[in-house]
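Residue-level listing of the chains:
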Amino acid sequence: MSPFSARVLAVVRRIPPGRVATYGDVAAMAGRPGASRAVGNIMRGCLHADVPCHRVIAAGGRLGGYAGNVPLKRALLAAEGLTVVGRRIRHWERIHWKTRASNAVGRANNR
DNA sequence: GCATTGACTAGGG
DNA sequence: GCCCTAGCCAATG
């Protein structure tokens, strides 16, 4: 497990229920801005139960993918109280979990 | 170490 | 709105 991967997983784990973060954001929080692709790659093989990978979505509030089970991801998000319309999250700007990279790792900051 | 792949992103047609 | 292209990064062979 690379430091970056662990970092990403840690960040995703800090995403509070009912909130979502984009791959780019997670990458930035993990200390590697622009590594959105890498983040997705890591998620692909890390369907950990401890990590709410379903809260990680694509930019613009799009669902992105979920190991080929996008419907499942949609259901999980809906279960979190979010509303999904097509491939987009409703009130995306509201539930977008934003936090500082320095703050994200080492301190859970909910809103 | 190089080449390929992929849950990405932004821009253009 | 969708499809394609270029840039990006980490993991894998």
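Now for a description of the structure that goes with this document. Since the structure is predicted, the reported quantities are computational estimates derived from the model, not experimental observations. Along each chain, residues carry numbers from 1 onward, in the same order as the chain's sequence is written. Naming scheme: in the order in which they are written, chains are lettered from A and ligands are numbered from 1. pLDDT decides what is reported in this predicted model: residues at 70 or higher carry local features, side-chain atom pairs at 80 or more are listed and counted, and totals for whole chains, interfaces and linings draw on all residues regardless. The basis for every side-chain value is the complete set of heavy atoms in the structure, and neither hydrogens nor water enter the calculation.

## Brief notes about the layout of surface pockets
Reasoning step 1: Method remark: on a 1 Å grid restricted to protein atoms, a set of points is classed as a cavity if a 1.4 Å probe fits but cannot get out and as a pocket if it is open with protein on both sides within 12 Å along at least five of seven lines; lining residues have an atom within 4 Å of a point. Grid points are joined across faces, edges and corners, and a volume is the space filled by probe spheres set on the points. Looking at the largest pocket, its volume works out to about 160 Å³.
Reasoning step 2: As for the largest pocket, its lining consists of 11 residues, and the residues nearest its centre are Tyr23, Met43, Gly65, Tyr66 and Ala67.
Reasoning step 3: In terms of residue count, the dominant contributor to the lining of the largest pocket is helix H3 (residues 36–45) (3 residues).
Reasoning step 4: The classification used treats Ala, Val, Leu, Ile, Met, Phe, Trp, Tyr, Cys and Pro as nonpolar, Asp, Glu, Lys and Arg as charged, and all other residues, Gly among them, as polar. Here the residues of the lining of the largest pocket sort into 7 nonpolar, 2 polar and 2 charged. Where helices and strands are cited, they refer to DSSP runs of H or I of at least four residues and of E of at least two residues respectively, numbered from the N terminus.

## Brief notes about the protein's contact with DNA strand C
Reasoning step 1: Residues are labelled near a given molecule or strand when at least one of their non-hydrogen atoms is within 4 Å of it. Near DNA strand C, the surroundings consist of Ser2, Phe4, Ser5, Arg32, Ala35, Arg37, Ala38, Asn41 and Arg87.
Reasoning step 2: The sugar-phosphate share of atoms of DNA strand C within 4 Å of the protein amounts to 48%.
Reasoning step 3: Any N or O atom pair separated by 3.5 Å or less is treated as a polar contact, with the protein-specific requirement of one donor-capable and one acceptor-capable atom, and with residues adjacent in sequence counted only for side-chain atom pairs. In this structure, a phosphate oxygen belonging to DNA strand C sits 2.7 Å away from a side-chain N or O atom of Ser5.
Reasoning step 4: One of the side-chain N or O atoms of Asn41 is found 3.4 Å from a base nitrogen in DNA strand C.
Reasoning step 5: For the surface near DNA strand C, the secondary structure elements donating two or more residues are helix H1 (3–13) and H3.
Reasoning step 6: Take the surface near DNA strand C: its biggest share by element is 3 residues, from H3.
Reasoning step 7: When the residues that make up the surface near DNA strand C are grouped by side-chain class, the tally is 3 nonpolar, 3 polar and 3 charged.

## A word on the packing of helix H2 (residues 23–30) against H3
Reasoning step 1: Angles here are taken between N-to-C directions and fall from 0 to 180 degrees, while the axes themselves are lines fitted to C-alpha atoms, restricted in helices to the stretch in contact. The interhelical angle for the contact between H2 and H3, taken along N-to-C directions, is 95°, at an axis separation of 8 Å. The angle between H2 and H3 places the two elements in the roughly perpendicular class. Here Tyr23, Gly24, Val26 and Ala27 of H2 lie close against H3, whose contacting residues are Ser36, Val39 and Gly40.
Reasoning step 2: Class assignment for the residues of the contact of H2 with H3 results in 4 nonpolar, 3 polar and no charged. Should an angle lie under 35 degrees it is considered roughly parallel, over 145 roughly antiparallel, and from 65 to 115 roughly perpendicular; all remaining angles are considered oblique. In what follows, a contact means two residues having at least one pair of non-hydrogen atoms within 4.5 Å.

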